[in-house]
Amino acid sequence: MAEMNDRGQLILVAGILLAVLFIALALLVNAAIYTDNVATRGGDSAGEVLEYQAGVTDSIGGLIDAENAAASGGDNFSDVNSSVAGGISEIDAAFGRNNLRRSASTDITIVNTTEGRLIRERNANDFESWEANASDVRRFVIDLDTDNMTTGSPLVVDLDGTELKINKTGGEVKVNETGGTECTTNADGTVRFDVTGERLDGATCQFGWPDFDTGSTVGIENGTYAGGSYELTIKSDDDPAWLPSETTRAVYSANIKLRMDTPDLRYETTVTVAPGEPDV
Amino acid sequence: MYSDDRAVSVTVGYVLNFAIASILVSGLLIAGGGLIERQTEQVTEDELSVIGHQLADDISSADRLVRAGDVSTLSIRSDLPERTAAGGYTVNITVDGNDGEIVLRTNAPEVVVTVPFRVQSSLSGGTLEGGPVRIEYDGGLEVVSA
């Protein structure tokens, strides 16, 4: 009888083929699991950069406002400007250190700054009347002391021809744009009119902010009819001697070049920092 | 007459066993092959879909960054895989106004996945081989192989 050494080959071959099939199936399942894993990973590569950009913009905006507020009447623009430049270097170093921990290299460079004037009156019984050349205006906020407002006689804010009459009548403060919007609120204590934000006492007051350009003016007329505090920053090189006594030279805006490099991203942009500017 | 059919049952039993085993094994292999084929197609479709959405996400990120300021340099690397379960693939980007489509395709098995996206900035279309890509900005966005 012949020796049957080749018995069981069918089972062997079939077993090998089935093993190959199972391995292929395992690889496919692995690929599917990996794909689902990749699909659920956070992939917003712009988020980190925009967060950095917003952080730098906010920080430099706050710095500009703080340095402007800290300037005295005798300071030149270059004094305020160098203070701002020094602060930006420190902001750059702080953001640089923070981002290096996340494998990102960053850099902030000042391209240029724009001269301006910080015009303000604080706790005045009545405001001064004035007019200034301003090719842009930002963060114009008036805190009206309703006890110091003359009933029936409006204070006028002139925004390059757009006149806003602010009047106290019948226990209410009314903001009236000539031939246009009228907003009212209770004349109780201090009423905030955010002129650039177009809000009266927190409520919307859309009078339509005008476009400022070279040759535009801004001013307050009939200042004696209202008191309280106000503050605005204008892009202008007018002599502060012609403006309210607390006016100081200031930095209106700064153009900043930002750079961020990460293993997956290179980004460089120029942003204008002008906190409280209506169109920024 | 003397009939010599003794011990036939052993041979018949062996043949029957052999036949049943063959049918069983063949059935398993055929069913397994079909399963692998279907799963390959399904997994490839999933992979292409995820790759397409990853690329669309990175294009949207680049678009957001371009619109967030006056960009002078922008390059985003998108680490797309070079192969899927079905092997290599191609990426075709087409743009019509603000609407775009990413069409990803493999050959064997032929799987085609389309991922729509929206973009505000100018983006150049084109066809690329699958693998890592970079989204560059030079006046407009462009997707190039990394």
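From a predicted model like this one, the values you see are computed outputs, not experimental measurements.

(A) The arrangement of the packing of helix α2 (residues 45-70) of chain A against helix α3 (residues 77-100) of chain A in detail. Residue and element names in this part refer to chain A. At their nearest, the axes of α2 and α3 sit 10 Å apart, and the two run at 150° to each other. Judged by the angle between their axes, α2 and α3 are roughly antiparallel. The element α2 and its partner α3 pack so that their crossing is right-handed. Contacts between α2 and α3 involve Y52, G55, V56, S59, I60, L63, I64, E67 and N68 from the first element and V80, S83, V84, G87, I88, I91, F95 and N99 from the second. Classifying every residue of the contact of α2 with α3 by side-chain character gives ten nonpolar, six polar and one charged.

(B) Focus on a nonpolar patch on the surface. Among the surface-exposed residues, V8, V12, L16 and I20 of chain B lie close enough to one another that they form a single nonpolar patch of about 340 Å² accessible area. Relative to the assigned elements, V8 of chain B resides in helix α1 (residues 8-67).

(C) The arrangement of the pairing of strand β8 (residues 141-145) of chain B in detail. Residue and element names in this part refer to chain B. By the bridge criterion, two bridges tie strand β5 (residues 123-124) to β8 in an arrangement that is parallel. Bridging from a neighbouring strand, S124 pairs with E142 of β8. Looking at chain direction, strand β7 (residues 133-137) and β8 are connected through five bridges and run antiparallel. By the bridge assignment for β8, V133 is matched with S145. Taken together, β7 and the strand that follows it, β8, pair antiparallel across an intervening segment of three residues, in which G139 is found at a positive phi of about 85°.

(D) Expanded view of the confidence of the model for chain B. Per-residue confidence for chain B averages 92 on the pLDDT scale, and 98% of its residues sit at or above 70. For this predicted complex, the interface confidence reaches an ipTM of 0.80, while the overall pTM sits at 0.82.

(E) Broad picture of the sheet that holds strand β4 (residues 155-159) of chain A. Residues and elements named next belong to chain A. Pairing is antiparallel across the open sheet formed by six strands, whose spatial order is β2-β11-β4-β5-β6-β7. Strand pairing shows two members of the sheet lacking a second neighbour, β2 (130-133) and β7 (182-186), which therefore form its edges. The mean inter-strand angle of the sheet, taken between neighbouring strand axes irrespective of direction, is 10°.

Rules used in this analysis
- Residues numbered from 1 in each chain as written.
- Chains lettered and ligands numbered in written order.
- Predicted model: local features only at pLDDT ≥ 70, side-chain atom pairs only at ≥ 80, totals over all residues.
- Heavy atoms only, no water.
- Axes fitted to C-alpha atoms, helices over the stretch in contact; angles between N-to-C directions.
- Helix = DSSP H or I, 4+ residues; strand = E, 2+ residues; numbered from the N terminus.
- Parallel < 35°, antiparallel > 145°, perpendicular 65-115°, else oblique.
- Left-handed = near helix turned anticlockwise from the far one by under 90°.
- Contact = heavy atoms within 4.5 Å.
- Nonpolar A, V, L, I, M, F, W, Y, C, P; charged D, E, K, R; others polar.
- Patch = residues over 30% accessible without salt bridge, like charges linked within 9 Å, V, L, I, M, F, W, Y side chains within 5 Å.
- Areas by Shrake-Rupley, 256 points an atom, 1.4 Å probe, with all protein chains shown as cover.
- Salt bridge = Lys/Arg side-chain N within 4 Å of Asp/Glu carboxyl O.
- Pairing = 2+ DSSP bridges.
- pLDDT = per-residue confidence, 0-100.

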